[in-house]
Amino acid sequence: MAVANMTDLNADNMKMRAQLKAGGITEVKVLISHPMETGRKKDDFDQLIPAHFVQLLTASLNDKLVLEAQWGTGISKNPYLTFRLTGAAVGDMITVTWQDNLGKTATQQIAVTQA
Amino acid sequence: MTENNMPRRGFLQLLAMGFAWALITPINALAAIWHKNAFEAAKLEEVTNYLNVDVEIVSQDIIIKAPDQAENGAIVQVEVISNIADTASMAILVENNPTPLIAHFTFSHGAQPYIVTRIKMAETSDIKVLVKAGEQYFSNTKSVIVLENGCG
């Protein structure tokens, strides 16, 4: 149950869109609310703000892994990602999951729509 | 008899402990996947060493779209396309950042070698993209002038 406690299924911190475009290419756009702290920045009291960043993001199409992204602290605050895949049809499900260095994680699933 | 039972019990205990550990610390599973050494390395050559890249072939088939000049280094949008056949993975590096490795993407099951993301740039630097296709590594760079430090 410890696993469940670490899962933060807050739909608000992820925005997604998956559109099937000409040529059978599906374009997926993902926007995540996350501070992406490098661990090198100081707060107003001259104290270092601990590193807090998304380390791993995976995307799957109907449970088949299509993308694995490993990130460092150099991805901008509120990470933005676009990726493209073939072989998806309207109504297929795209699932994106991220996990950060503090063990926080979120998942969101959306259906592919026609552009 | 006891000699035989002891190691078995010990093994079962270890197994149980390992199982409990796996349940309470899912982040450990991630730690095994995440290229810690490469992401924490401070020099470009160290990163490429940790990623096991020996020879890189410079290729214009890697297209990097980024602004020539970035007003704010905290958000620099980068678009990367690899036109190299069988591209399996793609890494984005910023040579002059405190830790150059920004991101590493692995593609499978019909994912295209195409990424758009936003990165931080500490200062004027080359953005380098490293592509693995088959057993070979290819790279290309794009220089970006940064007016305001984006790493803080």
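Please refer to the structure higher up on the page.
Residues numbered from 1 in each chain as written. Chains lettered and ligands numbered in written order. Predicted model: local features only at pLDDT ≥ 70, side-chain atom pairs only at ≥ 80, totals over all residues. Heavy atoms only, no water.

(A) Examining the interface of chain B and chain A more closely. Each partner contributes to the interface: chain B provides 36 residues, whereas chain A provides 39 residues. Counting each side, the surface lost to burial between chain B and chain A is near 3200 Å², with a carbon and sulfur contribution of 56%. Its largest share of buried area at the contact with chain A, chain B owes to Trp34(B), Arg118(B) and Lys120(B), together 19% of the area lost on that side. Those elements that provide at least two residues to the side of chain B that touches chain A are helix 1 (2–24), helix 2 (27–33), strand 4 (76–82), strand 6 (101–107) and strand 7 (111–119) of chain B. The dominant element in the side of chain B that touches chain A, judged by the number of residues it contributes, is strand 7 of chain B, at 8 residues. Of the residues assigned to the side of chain B that touches chain A, the class counts are 23 nonpolar, 11 polar and 2 charged. As defined by bridge partners, strand 5 (residues 80–86) of chain A adjoins strand 7 of chain B across 4 bridges and the pair is classed as antiparallel. In the strand pairing of strand 7 of chain B, Phe83(A) is matched with Ile115(B). (Contact = heavy atoms within 4.5 Å. Buried area = accessible area lost by both parts, 1.4 Å probe. Helix = DSSP H or I, 4+ residues; strand = E, 2+ residues; numbered from the N terminus. Nonpolar A, V, L, I, M, F, W, Y, C, P; charged D, E, K, R; others polar. Pairing = 2+ DSSP bridges.)

(B) Broad picture of the pairing of strand 1 (residues 14–20) of chain A. Residues and elements named next belong to chain A. Counting buried residues in strand 1 gives 5 out of 7 residues, a clear majority hidden from the surface. Note: strand 1 against strand 2 (residues 25–32), 7 bridges, orientation antiparallel. Bridge assignment links Met 16 to a residue of strand 2, and that residue is Val 30. Between the end of strand 1 and the start of strand 2, which pair antiparallel, lie 4 residues, with Gly 23 showing a positive phi angle near 85°. With 2 bridges connecting them, strand 1 and strand 8 (residues 113–114) associate as parallel partners. The residue bridging Leu 20 from the neighbouring strand is Gln 114, located in strand 8. (Buried < 20%, exposed > 50% of the residue type's maximum accessible area, 1.4 Å probe, protein only.)

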